[in-house]
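One letter stands for each residue in the lines below.
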Amino acid sequence: MEFRKFDLPGPVEIVPRRIGDERGFFSEIFREDAFSRECGPQQFVQENESLSARAGTVRGLHFQTPPFAQGKLVRCTQGAIFDVAVDLRAGSPHMGKWIAVTLSPAAGNWLWVPPGFGHGFCTLEPSSIVNYKVTAYYSAENDRGVAWDDPAIGVEWPAIADAETLSAKDRVQPPLAALGPLFEGL
């Protein structure tokens, strides 16, 4: 497994090695020992899956506040997505900075989005399925978001991103400046 780190500390792209022959391939897609060594010890408590019918569907940017802050281990099992993580940690020198990775079954890659980061994605193909393991249970009281197109963050979304696909919740997410201090001490 290859663990690719970014200039933005925290998120990690994980690329499992594939051993192939004329029949196809075999791959260890997750190893707790290797993941803990590279990303820190985590306990995954819930696994989620979403299907987006249309290419250009935007979901996010989402996060949960403490004590239900979630780390997410994200992969795309059908189609392809432009996956984004945004640093929302109060006091972080990287507050408001973002990274993005294209996730797809062909690449077989994952993105680790640690607690303290917002997460969102744009589907690049129709019928894209996203699967993610999380480190805290869903909590409606702690469910928050930030505007996907906030210029203070400046995510460079693919041209296919379609604001018309946003959920009612995501259409009214506040800008980063309105959030106040979050994730102190993370």
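Keep in mind that this is a model prediction, so the values were computed, not measured. (Residues numbered from 1 in each chain as written. Predicted model: local features only at pLDDT ≥ 70, side-chain atom pairs only at ≥ 80, totals over all residues. Heavy atoms only, no water.)

Looking at the nonpolar core
Phase 1: Among the nonpolar cores identified, the biggest contains 20 residues, and Leu61, Val84, Val86, Ile153, Val155 and Trp157 are the most heavily contacted of them.
Phase 2: Every element with two or more residues in this core is listed here: strand 6 (58-64) and strand 8 (81-87).
Phase 3: Excluding anything up to four places from it in sequence, leucine 61 contacts Val84, Val86, His119, Gly120, Arg144, Gly145, Val146, Ala147, Trp148, Ile153 and Trp157.
Phase 4: Leu8, Val74, Leu111 and Tyr132 belong to the second-largest nonpolar core, a separate cluster that totals 15 residues. (Core = buried A, V, L, I, M, F, W, Y, C linked by side-chain atoms within 4.5 Å. Buried < 20%, exposed > 50% of the residue type's maximum accessible area, 1.4 Å probe, protein only. Helix = DSSP H or I, 4+ residues; strand = E, 2+ residues; numbered from the N terminus. Contact = heavy atoms within 4.5 Å.)

A look at the pairing of strand 2 (residues 12-15)
Phase 1: Of the two faces of strand 2, both are covered, the one formed by Val12 and Ile14 as well as the one formed by Glu13 and Val15.
Phase 2: Pairing of strand 1 (residues 2-5) with strand 2 involves four bridges; the strand directions are antiparallel. Following the sheet pairing, arginine 4 is matched in strand 2 by glutamate 13.
Phase 3: Between the end of strand 1 and the start of strand 2, which pair antiparallel, lie six residues, with glycine 10 showing a positive phi angle near 125 degrees.
Phase 4: In terms of strand pairing, strand 2 meets strand 10 (residues 110-113) through three bridges, oriented antiparallel. Paired with valine 12 across the two strands is tryptophan 112, which belongs to strand 10. (Pairing = 2+ DSSP bridges.)

Observations concerning the sheet that holds strand 2
Phase 1: Ordered in space as 1-2-10-7-12-5, the six strands form an open sheet in which the pairing is antiparallel. Each of the sheet's edge strands pairs with one partner strand only, and the pair in question is strand 1 and strand 5 (46-52). Neighbouring strand axes in the sheet, compared pairwise and without regard to direction, differ in orientation by 25 degrees on average.
Phase 2: In the sheet, strand 5 pairs with strand 12 (residues 128-134) via seven bridges, with the strands oriented antiparallel. (Axes fitted to C-alpha atoms, helices over the stretch in contact; angles between N-to-C directions.)

Observations concerning the layout of surface pockets
Phase 1: Estimated volume of the largest pocket: approximately 370 Å³.
Phase 2: Considering the residues around the largest pocket, the lining is formed by 22 residues, among which His62, Lys72, Tyr132, Asp143 and Lys169 are closest to the centre.
Phase 3: Breaking the lining of the largest pocket down by element, the ones donating at least two residues are strand 5, strand 6, strand 11 (117-123) and helix 2 (168-171).
Phase 4: Residue composition of the lining of the largest pocket, grouped by class: five nonpolar, 12 polar and five charged.
Phase 5: Quantified by volume, the second largest pocket comes out at close to 150 Å³.
Phase 6: Lining the second largest pocket are 13 residues, with Arg18, Ile29, Arg75, Pro105 and Gly108 positioned closest to its centre.
Phase 7: When residues of the lining of the second largest pocket are traced back to their parent elements, those giving at least two are strand 4 (24-27) and strand 7 (72-78).
Phase 8: With three residues, the single largest contributor to the lining of the second largest pocket is strand 7.
Phase 9: Here the lining of the second largest pocket is built from residues that sort into six nonpolar, five polar and two charged. (1 Å grid on protein atoms, 1.4 Å probe; cavity = no way out; pocket = protein on both sides within 12 Å on 5 of 7 lines; lining within 4 Å. Points joined across faces, edges and corners; volume = space filled by probe spheres on them. Nonpolar A, V, L, I, M, F, W, Y, C, P; charged D, E, K, R; others polar.)

Overview of the packing of aromatic side chains
Phase 1: Per the counting criterion, the structure on display carries eight aromatic pairs.
Phase 2: With 6.1 Å between their ring centres and 85 degrees between their planes, phenylalanine 44 and tryptophan 112 make a pair best called edge-to-face. Residue phenylalanine 44 is located in the loop between helix 1 (32-39) and strand 5, and its partner tryptophan 112 is located in strand 10; the two are separated by 68 residues in the primary sequence.
Phase 3: Through a chain of ring-to-ring contacts, the aromatic side chains of Phe30, Phe35, Phe44 and Trp112 assemble into a single cluster.
Phase 4: Directly above the ring of phenylalanine 25 sits arginine 18, whose terminal nitrogen or CZ lies 4.1 Å from the centroid. (Phe/Tyr/Trp six-rings, centres within 6.5 Å; stacked < 30°, edge-to-face > 60°. Lys NZ or Arg CZ within 6 Å of the ring centre and 35° of its normal.)

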